[in-house]
Amino acid sequence: MPVSMCAEVAVSRSRRVSPSSDLSFRSAIAVAARTARRGLRDAAGQARRWFLVAGLLTLVHALVPPAEVWLLKALLEQVDSPSPQDARLAITLAGLTIVVGLNFSLGYLALSASQRTGFRLAHHYRSRLAAAAAGLHPRQLAEAATNTRLQAAALAVDRMTRVPGDTLQLVGTALTSIGLCAAIFGFSAAAGILVLSALLPTVLAMTFIARSESVGWPPIAAVERRSTYAMEQLVQQRTGSELALLGSGHKVASLVSQTQRQKMIMLDRLIAIDMRWESAASAATALLLAAALVSMIITDVGAALAAAAVAGILSGLSAIRFTGFAFGNIVSTAPQAEAYAAVVGTAEPDDPTSGPATVGRLTAEAVSVSYPDAAGWAVRDVSLTVEKGEVIALVGANGAGKTTTVNAILGVVERQSGTIMIDGISADDLTHADLLSRIGLLTQEFGRYEFRVRDVVALGRSAGEVADEELWSALRSVGLAELVASMPDGLDTQLGQQWGGVGLSGGQWQRLALARIHLRDAGIWILDEPTSAVDAEAEREIFAELQRTKGNRITIVVSHRAWTLKGMDRIYVFDRGRVVQVGSYDELLSRAGRFADLFAEQLSG
Ligand SMILES: Nc1ncnc2c1ncn2[C@@H]1O[C@H](COP(=O)(O)OP(=O)(O)OP(=O)(O)O)[C@@H](O)[C@H]1O
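Residues numbered from 1 in each chain as written. Predicted model: local features only at pLDDT ≥ 70, side-chain atom pairs only at ≥ 80, totals over all residues. Heavy atoms only, no water.

*Asks:* Help me understand the sheet that holds strand E3 (residues 391-396), please; the structure alone is not making it clear to me.
*Replies:* Within a sheet, neighbouring strands are paired by backbone hydrogen bonds and run either parallel or antiparallel to one another. Read from one edge to the other, the open sheet built from six strands follows the order E6-E7-E8-E3-E9-E10, with strand pairing classed as mixed. In this open sheet, the two edge strands, each paired with only one partner strand, are strand E6 (439-442) and strand E10 (578-583). Taken pair by pair, the neighbouring strands of this sheet meet at an average axis angle of 15°, ignoring direction. (Pairing = 2+ DSSP bridges. Helix = DSSP H or I, 4+ residues; strand = E, 2+ residues; numbered from the N terminus. Axes fitted to C-alpha atoms, helices over the stretch in contact; angles between N-to-C directions.)

*Asks:* Which parts of the structure should I look at to understand unusual backbone geometry?
*Replies:* For residues besides glycine, phi is generally negative; the peptide bonds are generally trans as well. Even without being a glycine, Ala 366 presents a positive backbone phi close to 50°. Within the fold, Ala 366 resides in strand E1 (residues 361-369). Although it is not a glycine, Asp 521 sits at a positive phi angle of roughly 50°. The residue Asp 521 is located in the loop between helix H19 (506-520) and strand E7 (524-528) in this model.

*Asks:* I would appreciate a short explanation of the packing of aromatic side chains in the present structure.
*Replies:* Here the distance between the centres and the angle between the planes together describe a pair of aromatic rings. Tallied over the full model, the rule gives seven aromatic pairs. Pairing Tyr 449 with Phe 451 gives two aromatic rings, centres 6.1 Å apart and planes at 15°, and the pair type is stacked. Taking the centre distance of 6.1 Å and the plane angle of 90° together, the rings of Tyr 585 and Phe 595 count as edge-to-face. With Tyr 585 in helix H21 (residues 585-590) and Phe 595 in helix H22 (residues 594-604), this residue pair connects regions lying 10 residues apart in the sequence. (Phe/Tyr/Trp six-rings, centres within 6.5 Å; stacked < 30°, edge-to-face > 60°.)

*Asks:* Please clarify how empty space enclosed by the protein should be interpreted in this entry.
*Replies:* Regions of empty space are outlined by a rolling probe, equal in size to a water molecule, passed over the atoms. Tallied over the full model, the rule gives three cavities of 30 Å³ or more. Among the elements that line the lining of the largest cavity, the one with the most residues is helix H2 (residues 25-46), at four residues. Residue classes in the lining of the largest cavity are distributed as four nonpolar, two polar and two charged. (1 Å grid on protein atoms, 1.4 Å probe; cavity = no way out; pocket = protein on both sides within 12 Å on 5 of 7 lines; lining within 4 Å. Points joined across faces, edges and corners; volume = space filled by probe spheres on them. Nonpolar A, V, L, I, M, F, W, Y, C, P; charged D, E, K, R; others polar.)

*Asks:* Would you mind showing me how to read the sheet that holds strand E2 (residues 379-387) here?
*Replies:* The strand order across the open sheet built from four strands is E2-E1-E4-E5, with neighbouring strands paired in antiparallel fashion. Edge positions in the open sheet fall to E2 and strand E5 (425-426), since each of these has one partner strand only. By the bridge criterion, six bridges tie E1 to E2 in an arrangement that is antiparallel. When the bridges of E2 are listed, Arg 361 appears paired with Glu 387.

*Asks:* Sorry if this is basic, but what is going on with the side chain of Asn 407 here?
*Replies:* By the secondary structure assignment, Asn 407 is in helix H14 (residues 402-410). For Asn 407, a relative accessible area of 18% translates into the label buried. Beyond its immediate stretch of four places on either side in the chain, Asn 407 contacts Val 412 and Val 413. (Buried < 20%, exposed > 50% of the residue type's maximum accessible area, 1.4 Å probe, protein only. Contact = heavy atoms within 4.5 Å.)

*Asks:* Is there a simple way to explain the site of the ligand in this structure?
*Replies:* Within the structure, the ligand sits among Tyr 371, Ala 378, Ala 397, Asn 398, Gly 399, Ala 400, Gly 401, Lys 402, Thr 403, Thr 404, Gln 444 and His 560. Contact between the ligand and Gly 399: an oxygen atom at 2.8 Å from a main-chain N or O atom of the residue. Backbone polar atom of Ala 400 to an oxygen atom of the ligand: 3.1 Å apart, as the coordinates give it. (Near = heavy atom within 4 Å. Polar contact = N/O pair within 3.5 Å; in protein donor to acceptor, adjacent residues only side chain to side chain.)

*Asks:* Is there a simple way to think about the nonpolar core in this case?
*Replies:* Here is a general trend for soluble globular proteins: nonpolar side chains tend to be buried in one another's company. Counting residues in each nonpolar core, the largest one holds 45 residues, and the members touching the most others are Leu 129, Ile 184, Phe 187, Val 195, Met 296, Ile 313 and Tyr 340. Going through the elements one at a time, helix H3 (48-62), helix H4 (64-80), helix H5 (86-134), helix H7 (144-160), helix H8 (163-185), helix H9 (189-197), helix H12 (249-298) and helix H13 (303-346) are the ones with two or more residues in this core. A per-element tally of this core places H5 first, with nine residues. Setting aside chain neighbours within four positions, we find Tyr 340 in contact with His 124, Tyr 125, Arg 128, Leu 129, Ala 153, Ala 156, Val 157 and Met 160. Membership of the second largest hydrophobic core comes to 44 residues, among which are Val 395, Val 457, Met 568 and Leu 588. (Core = buried A, V, L, I, M, F, W, Y, C linked by side-chain atoms within 4.5 Å.)

*Asks:* Honestly, the pairing of E10 in this entry has me stumped. Any pointers?
*Replies:* Within a regular strand, the side chains alternate between the two sheet faces. Relative to E10, strand E9 (residues 570-575) runs antiparallel, the two being bridged by five bridges. Residue pairing for E10: Val 573 is matched across the bridge by Gln 581. The hairpin turn running from E9 into E10, its antiparallel successor, is two residues long, and Arg 576 in that turn takes a positive phi close to 45°.

Following this line, the structure appears as structure tokens:
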């Protein structure tokens, strides 16, 4: 299927499954009102001074067009009077000039004050979102829906910062329209009512536009997420250089191009709907304002009043347009603001008080896990026991079930059956923070955080100050102290060449990740291939250090290297999701079986 057709299919599919497609007109308004209320409350709380300034300026600015009509009318009546008084005429003219002159600068200043309110809100919203993302459970992070919600929430922030300004704008321009109506109503009631009613088509059109945008944006955000991901692979140092070496970057680039094309088609459709509503509203507004003028001519209000009304209607036209835009912005921001509120509202609060705790005994009893949509069991009836001071190993071929077992202990994957007990307490009865505070996990996908060395190691501890001596001690345990001491700024050295910092080898990054676990010093250490990228000498030193310091904790190691298993208290051998053998290195080697099969080649070498 050609790319364009794939894109079309994806577009129509994503439109059908859009979660917002049943958003009714009334609920769209209710959600918009909630968004406006929340925006005003946040602005008043986070940027009180600038929000107040913006409010006052908007209010004064709103009164300019009715004042223009009133002054113009007074001026023309004075000019027309049988004996015009020069002094009064001059004052009215000066007043009119000042009001016209103020019109632009008041609008500009109100906008600037709203922007300054927005900067403060952006700081507040992004900080809260980052805190909420940091509080997510690893199981939530593994779900695609969570990532989509986070993306939507991140996208929402820029628009949400404009909500208080838009709400002020909405109130201001509504005031302008009512003021104009009152100014014109005095000499032509019909014209006044028609000017006011000219608000309606724009407001209606903007509401319909906003509704279609609320349906259209979630699939656009999902496509954008894929596109951004593909683009990141091209520009990130690790993946970017691999792709460059393979000469395959153009394949990922074509993924970016495809997704951008999909996005373009979706946006085109969205804007086509906007254009239809916008044209209809403009035509209806123009007709109503023309009718206002015609009604004045029919009622023969005189040249002075007609001229003042024309000026008022011209000002009113832009006020009405702004009302529509402000209203439309709030309505279209509403669904994203709801996504933001959901993400920020559901994340577990950070619990910096729960620190690492010692653990006497960990047991897994008949644990079974089956992944959603997978045909069979990833692990089946796995049981293991490990006590403080012991080091056990999980071994087995790729896909045998080692990582799944670890993830079941961590609560990252859901168990279909079985229990995990920590010191006699079911892991299910511990909070997320309580469980994780007992565990120091080094995964195969450890992070290469390009911050300062001290920040990278200190990530091992979830709360509290970390003394330099503790950082050096952790670095010594993984054989990195000498290297860091020789770096230009020691612990303060910035890592990562893209920041002008120091680059590290793969093995050095892995050792830095292990230093985090040493610093964490939790009751249970789970190390998934902790030395896979490390040279043989460093590996020997790291395992010797693990054995030397094992007394106060439980250590679980996943390993594929035979010699690292020698000092283990017990080795659990996995095969197709089951534990098929348990024993010490020597016991297992002395028997024929899966362990001997797995390591025969390594041992014969
Ligand atoms: N997220 C997932 N969704 C579906 N199936 C999965 C998922 N993760 C793992 N599996 C499957 O579960 C089984 C066990 O995988 P697991 O990752 O636990 O193996 P492992 O022993 O850790 O392998 P490796 O040595 O390669 O790390 C495999 O068949 C794998 O394909």
